[in-house]
Amino acid sequence: MFIDHPAPLIGSARLSGPEVLEIEFQAGKEHHYSRFAPGWLRIHAASAAMARPQPTVQCWPADMRNKLFRLSYADYMETNMGLRAFLQALQRDGIAMLQGVPTQSARLLEVANRVGPVRISNFGTYYDVISMPDPNASAYTDMGLELHTDLANWRMPPDIQLLACLQNSARGGDSVFADGFKVAEDLRHLNAQAYGLLTTQAIDFRFQDEKCDIRARAPVIETERSGGLLRMRFNNWLRSAMILPGDVIEPMYAALLAFWRLLREPRYQTQLRLAPGDLIAFDNNRVLHGRTAFDASSGERHLQGCYLNREDLESTLRVLARLE
Ligand SMILES: [Fe+2]
């Protein structure tokens, strides 16, 4: 151990055997020998880490219906190539679709578990999106749902959302998606003041029912230190009282309205009618989702949803890359 010594220096380095690099570290009178295998060195080389390609994010300003990555359930479940292509598309576009998923209850968990364990929330391991009496969330009505992100009231909202369609014979109830990163980027150019407020001023989000009261305070648009977009947090049902300095409240409402108006422009929206067996996966931190109203008396509409962690998506892609 070198704890009480100045920084160790490399005394010597040599190949000890054909596959082992041996380095002698010196700190004062102490000597320490470390041996490194070539595979370990390759994985940990700073140059290799820097050269590792970052996932490309491609924003979509317009209708994605024709460009949406679609894959069969069988290819996803049974082939590594299918799984990898699906996850890469999800990472790139923030949205991808599986078709032919069995429509029995909870089968979406098989899809989720191919990537990792489900991220559980106050709505359970998975949840049913179905019109029900005495609902505790607007999703459980037949109302139209404006574009939003889920669980904006959590400090770390879920990264990936899976929505599987079990039944969809009711009139209406089309799914709507928009690339929030594209809308945020456009807002930045069109209304710098609104963008500035939404990225710097944290506001409160809250969900409460008989069993829980979950709150978080965060900006609507979270950015990285470098300025890149990190997370959209937009959900008008979960937005709580506006607790801000008095002179910021009005500009903040104006900023929210500016974002909201832009988001609702049809040019950003992709409207899809999910059929039984369709499963749509999307990046809940980037892609906002909603639905048109439906008539619950005209037929059945039943979706099931669950969440996944981004870490598990990235980990799965790295493990699949090892098999190349
Ligand atoms: Fe939702």
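Described in the following lines is the structure provided in the data block. None of the values given here were measured: they were computed from a predicted structure.

Thoughts on the overall build of the protein chain
Consideration 1: In terms of helices and strands, the protein chain carries nine helices and 19 strands.
Consideration 2: Seen along its three principal axes, the alpha-carbon backbone of the protein chain occupies a region of about 80 × 55 × 40 Å.
Consideration 3: Residue burial in the protein chain is summarised as follows: out of 324 residues, 44% are buried.
Consideration 4: Of the contacts formed within the protein chain by residues at least 6 apart in sequence, a portion of 74% connects residues at least 24 apart.
Consideration 5: With an accessible surface of roughly 17000 Å², the protein chain has 54% of that area assigned to carbon and sulfur atoms.
Consideration 6: Taken together, the 35 basic and 37 acidic charged side chains of the protein chain have centroids lying 3 Å from each other.

Quick notes on the pattern of salt bridges
Side chains bearing opposite charge may pair, as long as their charged atoms lie close to each other.
Consideration 1: Applying the stated criterion across every chain yields a total of 19 salt bridges.
Consideration 2: Note that Glu22 and Arg14 form a salt bridge whose closest N and O atoms lie 3.3 Å from each other.
Consideration 3: Residue Glu22 is classed as buried on the basis of its relative accessible area of 8%.
Consideration 4: Taking the relative accessible area as the measure of exposure, Arg14 reaches 47% and is therefore partly exposed.
Consideration 5: Residue Glu314 is joined to Arg310 by a salt bridge in which the shortest nitrogen-to-oxygen separation is 2.8 Å. A residue pair is termed a helical-turn pair when its members lie 3 or 4 positions apart in one helix, as Glu314 and Arg310 do in helix α9 (residues 310-322) at four residues.
Consideration 6: Taking the relative accessible area as the measure of exposure, Glu314 reaches 19% and is therefore buried.
Consideration 7: Within this structure, Arg14, Glu22 and Arg35 form a network of salt bridges that share partners.

So, the pairing of strand β16 (residues 279-283)
Consideration 1: Taken across its five residues, β16 has four buried, putting it largely inside the fold.
Consideration 2: Note: strand β5 (residues 95-99) against β16, four bridges, orientation antiparallel. Following the sheet pairing, Ile95 is matched in β16 by Phe282.
Consideration 3: Two strands pair when backbone bridges link them, and strand β8 (residues 160-168) and β16 are joined in this way by five bridges, in the antiparallel orientation. Paired with Gln161 across the bridge in β16 is Phe282.

Describing the pairing of strand β3 (residues 30-36)
Consideration 1: As defined by bridge partners, strand β2 (residues 21-27) adjoins β3 across seven bridges and the pair is classed as antiparallel. Looking at the pairing, Ile23 lines up with Ser34 of β3.
Consideration 2: Once β2 ends, the chain turns through two residues before running back antiparallel as β3, passing Gly28 with a positive phi of about 60°.

What about the packing of aromatic side chains?
Working definition: an aromatic ring pair is given by the centre-to-centre distance plus the angle between the planes.
Consideration 1: Counted under the stated rule, the structure contains eight aromatic pairs.
Consideration 2: Measuring from ring centre to ring centre gives 5.5 Å for Tyr127 and Tyr307, while their planes differ by 40°; the resulting arrangement is tilted. Note that Tyr127 is positioned in strand β6 (residues 127-129) and Tyr307 in strand β19 (residues 301-308), a separation of 180 residues in sequence. Of the two residues, Tyr127 and Tyr307, both sit in the buried class.
Consideration 3: An aromatic cluster of at least three residues, connected via ring pairs, comprises Phe69, Tyr76 and Phe86.
Consideration 4: Between Arg301 and the ring centre of Phe294, over which it is positioned, the NZ or CZ distance is 5.3 Å.

Some details on the layout of surface pockets
Consideration 1: The calculated volume of the second largest pocket comes to roughly 490 Å³.
Consideration 2: Forming the boundary of the second largest pocket are 28 residues, of which Ala137, Ser138, Ala139, His148 and Asp150 lie nearest the centre.
Consideration 3: Contributing elements (two or more residues each) for the lining of the second largest pocket: β6, β7 (145-148), β8, β10 (175-179), β11 (203-208), β17 (287-291) and β19.
Consideration 4: Within the lining of the second largest pocket, the residues separate by chemical class into 15 nonpolar, nine polar and four charged.

Basis of the calculations
Within any chain, residue numbers begin from 1 and follow the written order of that chain's sequence. Local features in a predicted model are, by the rule used here, given only for residues with pLDDT of at least 70; side-chain atom pairs are given and counted only at 80 or more, and totals for whole chains, interfaces and linings are based on all residues. Water and hydrogen atoms play no part in the side-chain values, which are based on all heavy atoms of the structure. By definition, any uninterrupted DSSP run of H or I lasting at least four residues is a helix, any uninterrupted run of E lasting at least two residues is a strand, and each is numbered from the N terminus. We call a residue buried when its accessible area falls under 20% of the maximum for its residue type, exposed when it is over 50%, and partly exposed in between, using a 1.4 Å probe and counting protein chains only. In this analysis, two residues are considered to be in contact whenever any of their non-hydrogen atoms come within 4.5 Å of each other. The Shrake-Rupley method, run with a 1.4 Å probe, gives the accessible areas here. Residue values count only the displayed protein chains as cover. Charge assignment: positive for Lys and Arg, negative for Asp and Glu; neither His nor the chain ends contribute. Just so you know, the charge point we use is NZ for Lys, CZ for Arg, CG for Asp and CD for Glu. Whenever Lys or Arg places a side-chain nitrogen within 4 Å of a carboxyl oxygen from Asp or Glu, that contact is recorded as a salt bridge. By definition, two strands form a pair when at least two bridges between them are found by DSSP. Ring pairs shown here join Phe, Tyr and Trp side chains whose ring centres sit within 6.5 Å, with only the six-membered ring taken for Trp; geometry is labelled stacked below 30 degrees between planes, edge-to-face above 60, and tilted in between. The criterion is that NZ of a Lys, or CZ of an Arg, lies within 6 Å of the ring centre and within 35 degrees of the ring normal, and then a charge sits over that ring. Both cavities and pockets are sets of points on a 1 Å grid over the protein atoms alone; in a cavity a 1.4 Å probe fits but cannot get out, in a pocket the set is open with protein on both sides within 12 Å along at least five of seven lines, and lining residues sit with an atom within 4 Å of a point. Grid points are joined across faces, edges and corners, and a volume is the space filled by probe spheres set on the points. Throughout, the ten residues Ala, Val, Leu, Ile, Met, Phe, Trp, Tyr, Cys and Pro are labelled nonpolar, Asp, Glu, Lys and Arg are labelled charged, and all others, Gly among them, are labelled polar.

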